[in-house]
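# Survey of secondary and tertiary structure
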Amino acid sequence: MALKDAKAGTRNEAGIAAVLGILKQSFGERFQTGQSFREQHAHTTTYIPSQLPDGVLFAESAEDVKMAVRVCATHKVPVIGFGTGSSLEGQVNAANGGISIDFSRMNRVLEVNPEDLDCTVEPGITREALNIHLRDTGLFFPIDPGANASIGGMASTRASGTNAVRYGTMKDNVLAVTAVTANGEEIRTARRARKSSAGYDLTRLFVGAEGTLGILTSVTLRLQAIPQKIAGGVCAFPSIKAACDAVIMTIQMGIPVARIELLDAVQMRACNAYSGLSYAESPTLFLEFHGTDETVPLQSAAFAEIAAECGGSEFLWTANAEERTKLWKARHDAYWSARALAPGLAALSTDVCVPISRLADCVSQTQADIEEHGLLGPIVGHAGDGNFHVLLLFDDKRADDIAMAESFVQRLNRRALDMDGTCTGEHGIGQGKMAFLEQELGGTVDLMRQVKQALDPDGIFNPGKIFHHG
């Protein structure tokens, strides 16, 4: 990560002025240019400085999006999609100025097909709102990145989260999208069939594109049946290696764990203090099993045997919904509990992902790096798929501290790449990880630029993200 990658691009002042006038006349109060609106639609969840859009359109339909894109395309003005603003690598910053399209009013469930286990939604609906809507159908959408993110934003960043070990990531759960392309037309990438050999897989081209190829207007999702029984539990381990060994054995034995989260000792100390808990302050696994009344106890017992073999504490699990909710609230509050360790400091949340056989090495070496350089950085990992996060706390008003934080992130990413991992398992590239994408994929990034050039020749869609265009 480097602040230099969040540089401002060239602004098209004449085009921006023209677009502001046209959109204000067309949309009235649904188009805002006030300072507070603009500030709310720039990045606020990372130390990357905010880069404000010039105006914010509160879209209410695909027709609104099509019109706005056509106007911006005509005048070569950037367009940035905005869901809830919970992305972590500067994805919603307006690096070259332009128009932010806010999808909070495009939040409808368009269609639910219970027999086919799928639904189609507008991009602005959040995952929590979707699951409330689905509750009476006996179905749910399983991808849980922690934040109550919008479905469009989750698709655009190829999000995953705590359930990914069982249910996969957004790339596995999006069946189709509709998107407005650079000519202002809306395309549909696929039908609802569960498989297809019809042409290029454009769905997965748009999933993870971070809004750089077009603007999503609907997303068709794969759903799952709500499990008959859900149980959660906690188990402490004497070391990171012991905890990771338990994870590897669990996966290799085919135990269908739904979530298996790793928290290091520093993060456990933070969770205890913030959430009023009394867990052991040592490397800990949080687990959840989904199944039936018969299978969940068997799965839990099988893991307990593995944990004991790896030197873990007694595996305490419960199917009580209230107790389980308290357990996972502590996990989902990890960001805020870590921030509370040093309230006056800024936070830089970064992630990498490695093959699970290298997870213990990568986490242990990262802990040693943190200790050697006198840093404060709790670690949380989606251990079942080798993905972990470091929340580095530092003084963003001191140049030396910023340099030290950026140097740490560089070492972390180099370490993951040396282990045949990736610079980001779920945060995306945005502005913060462009340099590491080049290190990870080399000349392949040039092919990405060619795709971008073909679909967005004037570079109006979220410029300055993933790689520098043109």
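Just so it is clear, the structure is predicted and the values come from calculations on it, not from any experiment. Throughout this document, residue positions are counted from 1 along each chain, in the order its sequence is written. Side-chain atom pairs in this predicted model are given and counted only at pLDDT of 80 or more, local residue features only at pLDDT of at least 70, and totals for whole chains, interfaces and linings cover all residues. Side-chain metrics in this entry use all non-hydrogen atoms of the structure; hydrogen atoms and water are not considered.

### Things to note about helix H4 (residues 127-134)
- To sort residues, take the accessible area from a 1.4 Å probe on protein chains only and compare it with the maximum for the residue type: under 20% means buried, over 50% means exposed, and anything in between is partly exposed. Secondary structure is summarised from DSSP: a helix means a run of H or I of at least four residues, a strand means a run of E of at least two, and numbering begins at the N terminus for each. Regarding H4, the residues found buried are Arg-127, Leu-130 and Leu-134. Buried residues of H4, seen end-on, are gathered within an arc of 60 degrees and therefore sit on one face of the element.
- Looking at the buried positions of H4, the neighbouring elements they touch are strand S5 (109-113), strand S6 (118-121), strand S7 (139-140), helix H5 (151-156) and strand S10 (215-222). Summarising the geometry, the arc corresponds to the directions from the helix axis toward the C-beta atoms. Residue contacts follow a heavy-atom distance rule, with two residues in contact if any of their heavy atoms lie within 4.5 Å.

### Focus: the side chain of Glu-261
- Along the chain, the position of Glu-261 falls in strand S13 (residues 257-263).
- With relative accessibility at 1%, the residue Glu-261 sits in the buried group.
- Nitrogen and oxygen atoms within 3.5 Å of one another constitute a polar contact, given that in protein one can donate a hydrogen and the other can accept it, and given that sequence-neighbouring residues count only through two side-chain atoms. Within the local environment of Glu-261, its side chain forms a polar contact with the side chain of Arg-331, the two groups lying 2.8 Å apart.
- A polar contact is formed between the side chain of Glu-261 and the side chain of His-382, at a distance of 2.8 Å.
- Not counting residues within four places of it along the chain, the set of residues in contact with Glu-261 comprises Thr-162, Thr-284, Leu-285, Phe-286, Trp-328, Arg-331, Val-380, Gly-381, His-382 and Ala-383.

### Let's talk about the packing of helix H14 (residues 359-372) against helix H15 (residues 399-418)
- To obtain each axis, a line is fitted to C-alpha atoms, and for helices this fit is confined to the stretch in contact; angles are then taken between N-to-C directions over 0 to 180 degrees. As a packed pair, H14 and H15 sit with axes 11 Å apart at the nearest point and diverge in direction by 160 degrees. It follows from the interaxial angle that H14 and H15 lie roughly antiparallel. Considering the relative orientation of H14 and H15, their crossing is right-handed. For the pair H14 and H15, contact is made by Cys-362, Gln-365, Thr-366, Asp-369 and Ile-370 and by Phe-408, Arg-411, Leu-412, Arg-415 and Ala-416, respectively.
- Within the contact of H14 with H15, the residues separate by chemical class into five nonpolar, two polar and three charged. Relative orientations are named as follows: roughly parallel for angles under 35 degrees, roughly antiparallel for angles over 145 degrees, roughly perpendicular for angles from 65 to 115 degrees, and oblique for any other angle. Take the far helix as the reference: if the near one is turned anticlockwise from it by less than a right angle, the crossing is left-handed, and if turned clockwise, right-handed. Here the nonpolar group is Ala, Val, Leu, Ile, Met, Phe, Trp, Tyr, Cys and Pro; Asp, Glu, Lys and Arg are the charged ones; every other residue, Gly included, is treated as polar.

### A word on the environment of Arg-269
- Inspection of the secondary structure assignment puts Arg-269 in helix H10 (residues 265-275).
- Residue classification places Arg-269 among the partly exposed positions, given a relative accessible area of 38%.
- Measuring from C-alpha to C-alpha, the distance between Arg-269 and Glu-281 comes to 5.5 Å, with 12 residues separating the pair along the chain.

### Here we look at the sheet that holds S13
- Overall, antiparallel pairing links the seven strands, which are arranged S15-S12-S14-S13-S17-S18-S16 in an open sheet. With one partner strand each, in any of the chains shown, strand S15 (316-318) and strand S16 (346-353) form the two edges of the open sheet. Ignoring strand direction, the axes of neighbouring strands in this sheet form an average angle of 15 degrees.
- Pairing between two strands is assigned when DSSP locates at least 2 bridges connecting them. As paired strands, S16 and strand S18 (residues 387-394) are joined by eight bridges and run antiparallel to one another. Bridge pairing in S18 places Val-352 opposite Phe-388.
- Its contacts with the sheet put H10 on S13, strand S14 (284-291) and strand S17 (379-382), and the angle it makes with S13 is roughly 95 degrees.
- Across the sheet, H15 touches S16 and S18, and the angle it forms with S18 is around 165 degrees.

### Section: the layout of surface pockets
- Grid points spaced at 1 Å over the protein atoms alone were grouped into cavities, where a 1.4 Å probe fits but cannot get out, and pockets, open sets with protein on both sides within 12 Å along at least five of seven lines, with lining residues defined by an atom within 4 Å of a point. Grid points are joined across faces, edges and corners, and a volume is the space filled by probe spheres set on the points. Its volume calculated, the second largest pocket comes out at about 790 Å³.
- Forming the boundary of the second largest pocket are 35 residues, of which Arg-158, Val-207, Gly-208, Ala-209 and Met-448 lie nearest the centre.
- Taken together, the elements giving at least two residues each to the lining of the second largest pocket come down to helix H7 (170-173), helix H8 (202-206), helix H16 (434-441) and helix H17 (444-455).
- Counting residues per element, the lining of the second largest pocket draws most heavily on H17, which supplies five residues.
- In terms of residue class, the lining of the second largest pocket is built from 14 nonpolar, 12 polar and nine charged.

### Details of the pattern of salt bridges
- A pairing counts as a salt bridge when a side-chain nitrogen of Lys or Arg comes within 4 Å of a carboxyl oxygen of Asp or Glu. For the structure shown, the criterion picks out 29 salt bridges.
- With its nearest N and O atoms 3.7 Å apart, the salt bridge here joins Lys-397 to Asp-396.
- Given a relative accessible area of 74%, Lys-397 falls into the exposed group.
- Two residues, Glu-438 and Arg-449, come together in a salt bridge whose shortest N-O distance is 2.9 Å. Placement of the pair is Glu-438 in helix H16 and Arg-449 in helix H17, with a sequence separation of 11 residues.
- Note on Glu-438: relative accessible area 33%, which makes it partly exposed.
- Under the relative-accessibility criterion, Arg-449 is labelled partly exposed at 23%.
- Through salt bridges with shared partners, a single network forms among Arg-127, Glu-128, Asp-144, Arg-259, Glu-288 and Arg-324.

### What about unusual backbone geometry?
- The phi dihedral of Leu-117 falls on the positive side, at around 55 degrees, and the residue is not glycine.
- For Leu-117, the location among the structural elements is in the loop between S5 and S6.

### A few points about the packing of H16 against H17
- Contact geometry for H16 and H17: axes closest at 7 Å, N-to-C directions at 115 degrees. Across the interface between the two elements, Leu-437, Glu-438 and Leu-441 from H16 touch Thr-444, Val-445, Met-448 and Arg-449 from H17.

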